[in-house]
Amino acid sequence: MNAVDSLVRSARGEYIEALPVAREELYIGMISGTLLCVVAYFALLVMLQLWGRGILTAIFSLFFQGKDSEQLTVKKIASNPFSLFHALFLSFCSLALLVVFLAVGELSPPDLLLYLCFLFMAHFLLLGLVAILGWMFRAREIAREVSIHLWIYNAVPGILLSPAIFSLYYAPPPLDEALLFLIAILFSLYAISRWTRWMKILFKRGVSTFYLILYLCALEILPLLVLYKILTGDFL
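Residues numbered from 1 in each chain as written. Predicted model: local features only at pLDDT ≥ 70, side-chain atom pairs only at ≥ 80, totals over all residues. Heavy atoms only, no water.

> Explanation requested: the environment of T196 in the structure shown.
Along the chain, T196 falls in helix α9 (residues 173–204). Relative accessible area serves as the criterion here: at 32%, T196 is assigned to the partly exposed category. (Helix = DSSP H or I, 4+ residues; strand = E, 2+ residues; numbered from the N terminus. Buried < 20%, exposed > 50% of the residue type's maximum accessible area, 1.4 Å probe, protein only.)

> Even after reading the chapter, I still don't get helix α8 (residues 157–168), so can you show me in this structure?
For α8, which comprises twelve residues, the first-to-last C-alpha distance of 16 Å matches the rise-based estimate of 16 Å (1.5 Å per residue) to within 8%. Of all twelve residues in α8, nine are buried; the element is thus mostly enclosed. What α8 keeps buried is the set P157, G158, I159, L161, S162, A164, I165, F166 and L168. (Expected span 1.5 Å × (residues − 1).)

> I'm lost on unusual backbone geometry in this one. Help?
Glycine aside, residues mostly have negative phi, and peptide bonds are mostly found in the trans state. Not every positive phi belongs to a glycine, and R53 is a case in point at roughly 55°. By the element assignment, R53 lies in the loop between α2 (33–51) and α3 (55–65). Among the residues examined, R53 registers a relative accessible area of 56% and is labelled exposed.

> Sorry, what's going on with the packing of helix α5 (residues 81–103) against helix α6 (residues 109–136) here?
Between two packed helices, what matters for the description is the angle formed by their axes and the separation of those axes. Following both chains from N to C, one finds α5 and α6 inclined at 130°, their axes separated by 8 Å at the closest point. Taken as axis vectors, α5 and α6 run oblique relative to one another. Considering how the two elements wind past one another, α5 and α6 form a crossing that is right-handed. Of the residues in α6, those touching α5 at F85, L88, F89, F92, C93, L95, A96, L97, V99, V100 and A103 are D111, L112, Y115, L116, L119, F120, H123 and F124. For the contact of α5 with α6, the residue count by class is 17 nonpolar, one polar and one charged. (Axes fitted to C-alpha atoms, helices over the stretch in contact; angles between N-to-C directions. Parallel < 35°, antiparallel > 145°, perpendicular 65-115°, else oblique. Left-handed = near helix turned anticlockwise from the far one by under 90°. Contact = heavy atoms within 4.5 Å. Nonpolar A, V, L, I, M, F, W, Y, C, P; charged D, E, K, R; others polar.)

> I'm lost on the nonpolar core in this one. Help?
Ranked by internal contacts, the top residues of the largest apolar core, which has 59 residues, are I59, I152 and I159. For this core, the elements supplying multiple residues, two or more each, are α2, α3, α5, α6, α7 (140–155), α8 and α9. Here this core gets 13 residues from one element, more than from any other, and that element is α5. When residues no more than four places from it in sequence are discounted, the contact partners of I159 are Y41, L45, L56, F60, A87, L90 and S91. (Core = buried A, V, L, I, M, F, W, Y, C linked by side-chain atoms within 4.5 Å.)

Rendered as structure tokens:
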């Protein structure tokens, strides 16, 4: 077999073990769509780190420390909206890829775009709802604090889990189940941390238990139920 035949058969997927390609994948020249997505994703992440003026360090510090830092929020996060949106975009791309894997099992650009639009729609609807509630109940300071932490808690998990999510597309069947189990555990810890953080903010501001439960149901649990309905095909 000559070199040309080897390259052709490799591009068709007969030599999967020789190239880092997914099991069933669209190809662009000699590179798989998933591998191209990985390269583009981490290139954008490097750009964010180099040109984001320290926003990655800021959001990760606030996320893991769980403490209020007004100076850090004002100087690094609120004053740098483009980089914050950049981080949110990367996080949502990673999470959308996870949902595509669960729903389809392989990279599907139309499904990726659909779930990415859903995540952005849910994010901005929640921000709008928080702003409306803050205006209605004359609690604009609470709404502002919740909104900032909503940006942070949505921008961090996808970036943190991106290596495991991309690995799902290349892992053999026993390993992909272990990765999904690990991701599920990490998401559970993330949800507990997120809800605990919201409760601390609301209790600190003197919000009643009734409104606290209403917030968790309306702003946190409802979007998850809608996403579940979309995945199962029963949304309509």
